[in-house]
Amino acid sequence: MEGKMKNLLMLAAVGVPLALGAEQVTSPDGALVVDVDIAAGGIPTYKVDYKGKPVVLPSRLGFTLASESSRRDFSADAVKTSADALQMTSGFAITDIERGAVDETWAPVWGEEDSIRCNYNEMALKLTQTDLDRYMIVRFRVFNDGLGFRYEFPAQPHMTYFVIKEENTQFAMTGDHWAYWIPGDYDTQEYNYTKSRMSHIRDSWEQHKKESSANASSTLFSPTGVQTALQLKTDDSIYLNIHEAGVKDYPTMHLNLDEATNTFTSHLTPDATGMKGYMQTPEETPWRTIMVVDDARDILASRLILNLNEPTAYEDTSWIKPVKYMGVWWEMIAGKGDWSYTNDLASIKLGETDYTKTKPHGHHSANTENVKRYIDFAAEHGFDQVLVEGWNEGWEDWIGNSKDYVFDFVTPYPDFDLEGLNKYAKEKGVKLMMHHETSGSTRNYERHLPAAYKLMNDLGYNSVKSGYVGNIIPRGETHYSQWSNNHYLYAITEAAKHHIMVNAHEASRPTGLSRTYPNLIGNESARGTEYQAMGGNAKWHTSILPFTRLQGGPMDYTPGIFEFDLSTFSRHNNSKIASTIPGQLALYVTMYSPLQMAADLPEHYARHMDAFQFIKDVPVEWEKSVYLEAEPMDYVTVARKDKNSDEWYVGSTAGTADRDSKITLSFLDPGRKYTATIYAEAPDANTVDGQTRYKITTKTVTNKSTLKLHALAGGGYAISIKPVK
Ligand code: NOJ
Ligand code: CA
């Protein structure tokens, strides 16, 4: 269970039956002021002021329904189809109000710190459509660094089942702000970010359509549609961040911009029928969140999303443990080996093909000897786990054919000794990490899940990397629909019953659900390191992800590439990665995750054991985090203290330009001496020629020390700081 609550002020309900008008709720420090009003025609709106200035102009709340029924069937009589009954955007009056405040501290199972303060004022308004005799509650929680609000539909006589055609929540901005965005897409989040004025989002549409047609699964829907978390910056340097928290039994939200009014409106991901949400009272939507701060570091420090999620649902969480791992992975991504066993495509049918009779193509990476090599190296250098992809039958035709039965998740290829390798790893003190690529067939995955998890239990696996590449089956479903979101959560809660931790790739971008289900220890859900071998990631990518994708939860970014010239080991890839070794090391600190991979090959690390030392040292469990420098896309510098020692680790990435960083180590204990090992760019380093140049120095430091370090765009620096004994 989560740690004990301190200082809890319980919500005080104040029923106010009198006529209600504009109602207000402020943040505990008074800087944020939220006003809710009913405009002419009974249209509910909210607006937000920050330090006396508007940051969100009056914005509408509500829904358009596809059908609404108060009965338990959908016969013609039961379904009200009058235009009036299908709108939940006007005709409202505020008929009740409840106010409260909370100030508590809770302990996450894992996180960027070991205790989190949750402090907000709350206002819940009952909005009644008197003509239709039905109502919803809009609940606002206002923190010092932002707010969340959600819609609640309590059980009531004239509303039971209803189908949401669209949510009509608006976010009306005060101007044409800077936006840091990726295009709205029902099926992929694996984009590089663009910084532009909001009014220029549309300019990239043609380019995105080209990228979309080249992608295995991509469904763009609007030239001004963007994904959450959307980072914005005003001309007077206020940072706004729009996202959502606790998306459960509901589709993932996108935002559509109306340039004429600078207004974003929610656009929910549709399901196969084009509908958005199938609802039954009592039910509530996820939280819609808006962070509002005037120092970019406070976006990184914000725990708004986690605080709006429910405490952990599990009684016992002792089996959930952070993981540092290596894997038979990058060698396939970079084109040295392959996931598949044979090129013999025509006859491959799950359960029917006898692979021992097919001809191996000779570069199947997940073979017993190769896996042993990784196990040996991981064991020697203190890693917890070794991921093996391509161990199971099915990879010959896993993509592009909309095939339902691709994998059964239990049958190994003939050259992968499933039991023997698990035994071998166990003897060496490491675990194998399971891999379940579903190829988007969520239907097939659910079919095999019980046997797949049972096999893991039988062999002693306690974590799985899953993936959803390609179009979802059932056909017509999209990656971020209500249906798909329910699948991802089902896979997580079923895993919990088996004490299995989940790291899902290509699943919906996270919204803090890992607080409630802490066995969700990772997600990809954004463009990861794999793209460094497929066209490259923008140099600013890892300097924007902490502001956007990571707001909802940790990312399995898979850092730690040490060989940037892929032609030196790949069969077909001549790319040179635009990065530096210090920049790769920085990611273990800047990109928070309780699950961190050392993604490169053992032989590449063996050439740079001095730099590899940082990856060996860096913890995956933290006591506290200090955000030293931050500006979206430009740079991120973070210091974190190990949960199990007095050591500190610093990481810094530079994005849009080379940069001089100056930091003071005031976070260290006063009067104590530490040895800082600094992993920095070499003076002649660049991110172009694929060479690796870095400089490691050590220095005695105290909490008064100041360090000046240079970082290349796309690079960075890393420091370990250990107390002098
Ligand atoms: C995409 C994932 O992001 C990647 O890590 C994985 O190797 C492939 N799918 C195959 O499952
Ligand atoms: Ca991916």
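This is a predicted model, so every value here is computed, not measured.

Definitions and limits used
Residues numbered from 1 in each chain as written. Chains lettered and ligands numbered in written order. Predicted model: local features only at pLDDT ≥ 70, side-chain atom pairs only at ≥ 80, totals over all residues. Heavy atoms only, no water. Helix = DSSP H or I, 4+ residues; strand = E, 2+ residues; numbered from the N terminus. Rg over C-alpha atoms; globule rule 2.2 N^0.38 Å. Buried < 20%, exposed > 50% of the residue type's maximum accessible area, 1.4 Å probe, protein only. Contact = heavy atoms within 4.5 Å. Areas by Shrake-Rupley, 256 points an atom, 1.4 Å probe, with all protein chains shown as cover. Lys, Arg positive; Asp, Glu negative; His and termini not counted. Charge placed at Lys NZ, Arg CZ, Asp CG, Glu CD. Salt bridge = Lys/Arg side-chain N within 4 Å of Asp/Glu carboxyl O. Near = heavy atom within 4 Å. Polar contact = N/O pair within 3.5 Å; in protein donor to acceptor, adjacent residues only side chain to side chain. Nonpolar A, V, L, I, M, F, W, Y, C, P; charged D, E, K, R; others polar. pLDDT = per-residue confidence, 0-100. Pairing = 2+ DSSP bridges. Axes fitted to C-alpha atoms, helices over the stretch in contact; angles between N-to-C directions. Expected span 1.5 Å × (residues − 1). Bend = angle between axes of the 7 residues up to and from the residue. Phe/Tyr/Trp six-rings, centres within 6.5 Å; stacked < 30°, edge-to-face > 60°. Lys NZ or Arg CZ within 6 Å of the ring centre and 35° of its normal. Parallel < 35°, antiparallel > 145°, perpendicular 65-115°, else oblique. Left-handed = near helix turned anticlockwise from the far one by under 90°.

### Some details on the overall build of the chain
Move 1: If you tally the helices and strands in the chain, you get 12 helices and 38 strands.
Move 2: Whereas a compact globule of 725 residues would reach a radius of gyration of roughly 27 Å, the chain reaches 26 Å, a difference of no more than 12%.
Move 3: Summarising its shape, the C-alpha atoms of the chain cover approximately 75 × 70 × 50 Å along the three principal directions.
Move 4: Looking at the 725 residues of the chain, the share that counts as buried comes to 64%.
Move 5: Here the contacts in the chain between residues at least 6 apart in sequence split such that 72% fall between residues at least 24 apart.
Move 6: For the chain, the accessible area works out to roughly 26000 Å², and carbon and sulfur atoms hold 49% of it.
Move 7: Looking at charge distribution, the chain has the averaged site of its 71 positive side-chain charges lying 4 Å from that of its 94 negative ones.

### Side note on the side chain of glutamate 393
Move 1: With respect to the secondary-structure elements, glutamate 393 resides in the loop between β25 (385-388) and α6 (418-427).
Move 2: The side chain of glutamate 393 sits in the buried core without any salt bridge; lysine 403 is the nearest counter-charge, 10 Å away.

### Side note on the site of ligand 1
Move 1: Neighbouring ligand 1 are 14 residues; Trp329, Glu389, Glu437, Lys465 and His505 lie closest to it.
Move 2: The contact in question runs from an oxygen atom of ligand 1 to an N or O atom on the side chain of glutamate 506, over 2.9 Å.
Move 3: At a separation of 3.0 Å, an oxygen atom of ligand 1 approaches a polar side-chain atom of glutamate 530.
Move 4: Taken by itself ligand 1 offers 300 Å² of open surface, and the protein chains cover 95% of this.
Move 5: Looking at the shell around ligand 1 residue by residue, the classes come out as six nonpolar, two polar and six charged.

### Thoughts on the confidence of the model for the chain
Segments scoring low in pLDDT should not have their predicted coordinates read at a detailed level.
Move 1: On average, the chain scores 94 in pLDDT, and the residues at 70 or more come to 95%.
Move 2: Low pLDDT, under 50, characterises residues 1-18; the stretch is placed with 40 contacts to residues that sit more than four places away or in other chains.
Move 3: Every residue in residues 71-81 scores below 50 in pLDDT, and together they form 18 contacts with partners more than four places removed in sequence or on other chains.

### Section: the sheet that holds strand β13 (residues 170-173)
Move 1: With respect to topology, eight strands assemble into an open sheet ordered β1-β2-β3-β4-β13-β20-β19-β16, the strand pairing being antiparallel. Each edge of the sheet is formed by a strand with only one pairing partner; in this case those strands are β1 (23-26) and β16 (225-227). Averaged over all pairs of adjacent strands, the angle between their axes in this sheet comes to 25°, without regard to strand direction.
Move 2: Note: strand β19 (residues 253-258) against strand β20 (residues 263-268), six bridges, orientation antiparallel. Bridge pairing links leucine 257 to phenylalanine 264 in β20.

### Some thoughts on helix α7 (residues 442-459)
Because each turn of an α-helix spans 3.6 residues, side chains separated by three or four positions end up pointing in the same direction.
Move 1: Taking 1.5 Å per residue as the helical rise, α7 with its 18 residues ought to reach 26 Å, and the 24 Å between its terminal C-alpha atoms agrees with that figure.
Move 2: Taken as a whole, α7 carries its principal kink of about 55° at histidine 448; the proline proline 450 stands between one and four residues after it.
Move 3: Where α7 is buried, its residues touch α6, β26 (431-437), β27 (463-467) and α8 (482-497).
Move 4: Directly beyond the C-terminal end of α7, a positive phi value near 90° is found at glycine 460.

### Observations concerning the environment of proline 723
Move 1: Mapped onto the elements, proline 723 comes out in strand β38 (residues 716-723).
Move 2: Proline 723 sits in the buried class, given a relative accessible area of 19%.
Move 3: Ignoring sequence-local partners within four residues, the contact set of proline 723 consists of Asp646, Glu647, Arg672, Lys673 and Tyr674.

### Topic: the sheet that holds strand β36 (residues 694-701)
Move 1: Taking strand neighbours across the sheet as the criterion, the six strands line up as β31-β32-β33-β38-β35-β36 in an open arrangement whose pairing is antiparallel. One side of each edge strand has no neighbouring strand; the edge strands of this open sheet are β31 (622-631) and β36. Adjacent strand axes in the sheet meet at a mean angle of 15° when their direction is disregarded.
Move 2: The pairing of β31 with strand β32 (residues 635-642) spans eight bridges and is antiparallel. In the sheet register, alanine 630 faces β32, and the bridge partner there is valine 636.

### Re unusual backbone geometry
What you tend to see is this: most non-glycine residues have negative phi, and most peptide bonds are trans.
Move 1: The omega torsion of the bond from threonine 228 to alanine 229 falls at 0°, within 30 degrees of zero and hence cis.
Move 2: Among the secondary structure elements, alanine 229 is positioned in the loop between β16 and β17 (230-233).
Move 3: For the peptide bond that leads from threonine 281 to proline 282, omega is -5°, which places it in the cis range.
Move 4: By the secondary structure assignment, proline 282 is in the loop between β21 (277-280) and β22 (283-284).

### Quick notes on the pattern of salt bridges
Should their charged atoms come close, side chains of opposite charge can pair.
Move 1: In this structure the tally under the stated criterion is 40 salt bridges.
Move 2: Here aspartate 235 and arginine 197 are joined by a salt bridge, their closest N and O atoms 3.1 Å apart. Separated by 38 residues along the polypeptide, aspartate 235 in the loop between β17 and β18 (239-245) and arginine 197 in strand β15 (residues 194-197) bring together distant segments of the chain.
Move 3: Judged by its relative accessible area of 60%, aspartate 235 is exposed.
Move 4: In the salt-bridge network here, residues are joined through shared partners; they are Glu122, Arg139, Arg141, Arg150 and Glu152.

### A word on α8
Move 1: A rise of 1.5 Å per residue sets the reference length of α8, with its 16 residues, at 22 Å; its end C-alpha atoms lie 23 Å apart and thus fit the reference within 8%.
Move 2: Residues of α8 that are buried: Gln482, Ser484, Asn485, His487, Tyr488, Leu489, Ala491, Ile492, Glu494, Ala495 and Ala496.
Move 3: One or two steps after α8, the chain reaches histidine 499, where phi turns positive at roughly 55°.

### Description of the packing of aromatic side chains
Move 1: With the rule as written, the count across this model stands at 34 aromatic pairs.
Move 2: Considering the side-chain rings of tyrosine 46 and phenylalanine 149, the 4.8 Å spacing of their centres and the 50° angle between planes classify their relative orientation as tilted. Remark: phenylalanine 149 occurs in strand β11 (residues 146-153) and tyrosine 46 occurs in strand β3 (residues 43-50); sequence separation between them is 103 residues. Comparing tyrosine 46 with phenylalanine 149 shows no difference in burial state: the two are buried.
Move 3: Summarising the aromatic geometry, the rings of tyrosine 314 and tryptophan 319 are spaced 6.2 Å apart at their centres and angled 40° between planes, so their arrangement reads as tilted. No difference in accessibility class separates tyrosine 314 from tryptophan 319, as the two residues are buried.
Move 4: Feature note: the residues Trp339, Trp395, Trp398, Phe407, Phe409, Tyr445, Tyr468 and Tyr488 constitute an aromatic cluster, connected by ring pairs.
Move 5: Above the face of the tryptophan 178 ring, lysine 195 is positioned so that its terminal group lies 4.8 Å from the ring centre.
Move 6: The ring of tyrosine 635 carries arginine 659 above its face, with NZ or CZ at 3.5 Å from the centroid.

### Some words on the packing of helix α5 (residues 368-380) against α6
Move 1: The interhelical angle for the contact between α5 and α6, taken along N-to-C directions, is 15°, at an axis separation of 10 Å. Taken together, the axis directions place α5 and α6 in an arrangement best described as roughly parallel. For the pair α5 and α6, the crossing hand works out as right-handed. Residues Thr368, Val371, Lys372, Ile375 and Asp376 of α5 lie in contact with α6, whose contacting residues are Leu421, Tyr424 and Ala425.
Move 2: Broken down by class, the residue content of the contact of α5 with α6 amounts to five nonpolar, one polar and two charged.

### Regarding the packing of helix α10 (residues 581-590) against helix α12 (residues 609-617)
Move 1: One way to put it is that α10 packs onto α12 with a least axis distance of 10 Å and a crossing angle of 10°. Relative to α12, the element α10 lies roughly parallel. Contacts between α10 and α12 involve Ile581, Leu585, Tyr588 and Val589 from the first element and Ala611, Phe614 and Ile615 from the second.
Move 2: Looking at the contact of α10 with α12, its residues break down into seven nonpolar, no polar and no charged.

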